[in-house]
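# Coordinate analysis (summary)
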Amino acid sequence: RLPVPPLKLEGFVPSAFSTADDNKAPDISILGKLPVPLLIHSGDDLHYANEEFLSLTGYDTLDQLEDAGGLDALFADPYDGSASDGTDHALRLKTRDGQE
């Protein structure tokens, strides 16, 4: 059974994780079981990354990704959404060791 990485509960909590009881942590066990990489963030605030995501990107923990620069550390080139010519904008993921 895969361990489920912890959800950051301090500060803002995404509505998908809200519970009626503020003293009770949300059940995120299903997120750790997903066979796809998953990162939950709001803007530049990182809230959760499952083991598939951490394995794909080469980070051991979400804190390690934050220390490396957060979302900015994950993309090879900054996204510029200003082009209006209808071209497809592909983002390339960058791993911890710099591979794309």
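Notes on the structure in this doc start here. (Residues numbered from 1 in each chain as written. Predicted model: local features only at pLDDT ≥ 70, side-chain atom pairs only at ≥ 80, totals over all residues. Heavy atoms only, no water.)

## As for the pattern of salt bridges
The line we're drawing: By salt bridge we mean one thing: a side-chain nitrogen of Lys or Arg within 4 Å of a carboxyl oxygen of Asp or Glu. Only protein chains enter the calculation, and the probe is 1.4 Å; a residue is then buried if its accessible area is under 20% of its type maximum, exposed if over 50%, and partly exposed in between.
Summed over all chains, the structure comprises one salt bridge. A salt bridge links Arg92 to Glu100, with the nearest nitrogen and oxygen atoms 2.6 Å apart. Among the residues examined, Arg92 registers a relative accessible area of 40% and is labelled partly exposed.

## What to know about the pairing of strand β1 (residues 39-42)
Looking along a regular strand, one sees the side chains alternate between the two faces of the sheet. Here is the rule we go by: By definition, two strands form a pair when at least two bridges between them are found by DSSP. Only DSSP runs of H or I reaching four residues or more are called helices, and only runs of E reaching two or more are called strands; each is numbered from the N terminus.
Two elements, β1 and strand β2 (residues 45-49), share four bridges in a ladder whose sense is antiparallel. Within the sheet, the bridge partner assigned to Ile40 lies in β2 and is Tyr48. A loop of two residues connects β1 with β2, the two strands running antiparallel in sequence, and Gly43 in this loop sits at a positive phi of about 60°.

## Quick notes on a nonpolar patch on the surface
Keep this limit in mind: Exposure above 30% relative accessible area and the absence of a salt bridge qualify a residue for a patch, where like charges join within 9 Å and nonpolar side chains (Val, Leu, Ile, Met, Phe, Trp, Tyr) within 5 Å. Here the open area of atoms and residues is found with the Shrake-Rupley method and a 1.4 Å probe, where only the protein chains shown may cover a residue.
On the surface, Ile30, Leu34 and Val36 cluster together into a nonpolar patch covering about 250 Å² of accessible area. Structurally, the position occupied by Ile30 is in helix α1 (residues 29-33). Note on Ile30: relative accessible area 57%, which makes it exposed.

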